[in-house]
Structure formats: C-alpha cells, structure tokens
Amino acid sequence: VCGSSQGIGKAIAIQLSKAGANIILLARNEERLKETLSDLYRSEGQEHQFLIADFSNPNSVAEVCKTLTVLPIDILINNTGGPAAGKAIDAKPEEFIAAFNAHLINNQQLVQAVSGGMRERNFGRIINIISTSVKVPLANLGVSNTIRGAVGNWSKTIATELAPFGITVNNILPGATETERLNTIINNKSGKLNVERDEVENEMLAEIPMNRFGKPEEPAYAAAFLASEYAAYITGTNIVVDGGRTPCL
C-alpha cells in the first residue's frame, strides 16, 4: 500500500489488514510508518512490514521495486500525495515533470515489479487512487488535473493488457476527503483570497450533495471491495467516492 503513512493510504492499509491481508506499507516517513504498522490488525496471524521510498524520486522507488519483484504481491495500491494547487497556465515545466514522475512513472515501475508474479499465479488486483479530476477537471489544480488524466488512461490501457492473466486494474476517484491535503488546500485558498477558512469550507461543501467531506475510511471500503473475490469481473473502470459532487456519470 503506497502512501500508507497517513490519509487514504493509511485507511486502506488498515481496512485490508482487517480483511486478513498481510500488508507492506510504503512511504517516506519512517516514524509515521511505524505508527501505522502498530494500527494494523493481526487477528488472523498476519505479518506486516514497511519499506521506505520517496515518491518524489523515481530512483528511490526503483530500489524498493527490486525487493517487491521477489515477493508474492497479490494486491498493489498505487497512491501518493497530489501536486500543489495552482493554475495550469502558471505552472513551470518542471512541475509537470515532477508530478508525472511521482504518479505515472512510479506507478509504472511498481506494476512492472509485481505483475510478473501476478501473471504466474493468474491473480492480481491493482488499484490506483487518483481523483475525480479524471472525469471533470477541478479549479486551481492545473498540474494535478493534467497528470491524473494521464494516469487514468494509463490504467485503462494496462487493464486491457493484464485482463487475460486474471489481473484487474481499477481506479478509485476520491472527492474532497478529510486528509492533510484537503486541509492544506483549504488553508492555501483562505490565505490567497484573504477570507476566513470557514467560508472556503462552506463553498466546497455547497458543491457536495451530501453536504459533508468524505472520511478516509470511505475510499478504503471501496478498495477492499475491489481487492476481493467479489470484484473479479470488474476491471478498467473508475469508482467515484465523492458524495455525489462529480456532475457526470
């Protein structure tokens, strides 16, 4: 489970451990990884561990992939923090390159590392945590919108390529979810517009039919379903978890 030291990634790791999986946590913050490790369920004798990689550096992820290649990985959760907010027109080329590396290139490396074993066992679940911007671009998230779209199309492509081997590839598209990233986005917008934080929150909530932000556990439940035998015939699709905000099917 990538990006599993906090937020949605941590919630997914906990939910999968509750379902009986042996978890390998992957993130860059060792202290937070140790905290998450202590929160994982072990009621069925699971053995959990963590590996350290910095997703801003594809070479760091490549090193971890050497270890993952020789392990029997059945489920891969691709997940990492999104790019900083800002308009696409103002973004520097290096911002797009950094986001492309952090998301698409690292996802590609991880899939290549684990999919060989999945093919041999004729079973695998690859789940990418992306964003609702795959369907509808979000305001002031120009770099993120661009890269998320690329990851969505990459995912659909490999879903088709890996389907004959019993491997499913799906995306979870979380909406506004109570994570550190959402907190940062709200604070930044509040400061930039010189308005109260509550005003920014209320504007965001007004766009959500359920009138609340999501909990990290909610996309985690979707991930647990997609990782299970109940989702064996679901591949190449997007599962939106956003309280009804996305204005398209």
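Predicted model only: the values in this text are computed from it and were never measured.

Comments concerning the nonpolar core
In this structure, L26, L68, L76, L110 and I126 are the most contacted members of the largest nonpolar core, which totals 32 residues. When contributions to this core are tallied by element, the ones reaching two or more residues are β1 (24–27), α3 (58–68), α4 (93–121), α5 (142–162) and β5 (167–174). With residues up to four places along the chain from it excluded, the contact list for L76 reads C2, L110, V111, V114, M118, R125, I126 and I127. Membership of the second largest hydrophobic core comes to 23 residues, among which are L33, I172, A223 and L226.

Description of the packing of aromatic side chains
Counted under the stated rule, the structure contains zero aromatic pairs. One Lys or Arg, R119, reaches over the ring of F165 and ends 5.0 Å from the middle of that ring.

Quick notes on the packing of helix α1 (residues 7–18) against helix α8 (residues 217–227)
Viewed as axis vectors pointing N to C, α1 and α8 meet at an angle of 50°, and their least axial separation amounts to 8 Å. Taken together, the axis directions place α1 and α8 in an arrangement best described as oblique. Helix-helix and strand crossings are classified by hand; for α1 and α8 the assignment is right-handed. Seen from α1, the contacting residues are I8, A11, I12, Q15 and L16; seen from α8, they are E217, P219, A220, Y221, A223, A224 and A227. Of the residues in the contact of α1 with α8, the class split is 10 nonpolar, one polar and one charged.

Brief notes about the side chain of D242
Along the chain, D242 falls in the segment after β6 (238–241). Within the buried set, D242 has no salt-bridge partner at all; the shortest N-O distance to an opposite charge, 4.8 Å, is to R245. Here G244 takes part through its backbone nitrogen, which lies 2.9 Å from a polar atom of the side chain of D242. Reaching out from D242, the side chain makes a polar contact with the side chain of T246 at a distance of 2.6 Å.

Comments concerning the pattern of salt bridges
Inspection of the entire model under this criterion finds nine salt bridges. Here R212 and E218 are joined by a salt bridge, their closest N and O atoms 2.7 Å apart. Judged by relative accessible area, which is 35%, R212 ranks as partly exposed. On the accessibility criterion, E218 (26% relative accessible area) is partly exposed.

Section: the sheet that holds strand β3 (residues 75–78)
Strand order in the open sheet formed by four strands is β3-β4-β5-β6, with parallel pairing between adjacent strands. Pairing within the sheet leaves two strands with one partner each, and these edge strands are β3 and β6. Within the sheet, the average angular offset between the axes of one strand and its neighbour, ignoring direction, is 20°. Bridging between β3 and strand β4 (residues 124–129) involves four bridges; their strand directions are parallel. Paired with L76 across the bridge in β4 is I126. Strands β3, β4 and β5 of the sheet are contacted by α1, whose axis makes an angle of about 165° with β3. Set on the sheet, α5 makes contact with β3, β4 and β5; between it and β5 the angle comes to about 160°.

Comments concerning the pairing of β1
Burial of the side chains of β1 extends over both faces: I24 and L26 are buried on one face and L25 and A27 on the other. Bridge count between β1 and strand β2 (residues 49–52): four bridges; the pairing is parallel. Opposite I24, over in β2, you have Q49 as the bridge partner. In this fold, β1 hands off to helix α2 (residues 30–39), which returns the chain to β2; that crossover is right-handed.

Cut-offs used in this document
- Residues numbered from 1 in each chain as written.
- Predicted model: local features only at pLDDT ≥ 70, side-chain atom pairs only at ≥ 80, totals over all residues.
- Heavy atoms only, no water.
- Core = buried A, V, L, I, M, F, W, Y, C linked by side-chain atoms within 4.5 Å.
- Buried < 20%, exposed > 50% of the residue type's maximum accessible area, 1.4 Å probe, protein only.
- Helix = DSSP H or I, 4+ residues; strand = E, 2+ residues; numbered from the N terminus.
- Contact = heavy atoms within 4.5 Å.
- Phe/Tyr/Trp six-rings, centres within 6.5 Å; stacked < 30°, edge-to-face > 60°.
- Lys NZ or Arg CZ within 6 Å of the ring centre and 35° of its normal.
- Axes fitted to C-alpha atoms, helices over the stretch in contact; angles between N-to-C directions.
- Parallel < 35°, antiparallel > 145°, perpendicular 65-115°, else oblique.
- Left-handed = near helix turned anticlockwise from the far one by under 90°.
- Nonpolar A, V, L, I, M, F, W, Y, C, P; charged D, E, K, R; others polar.
- Lys, Arg positive; Asp, Glu negative; His and termini not counted.
- Salt bridge = Lys/Arg side-chain N within 4 Å of Asp/Glu carboxyl O.
- Polar contact = N/O pair within 3.5 Å; in protein donor to acceptor, adjacent residues only side chain to side chain.
- Pairing = 2+ DSSP bridges.
- Right-handed = clockwise from strand over helix to strand, strands pointing away.

Coordinates in, geometry out; function isn't part of it.
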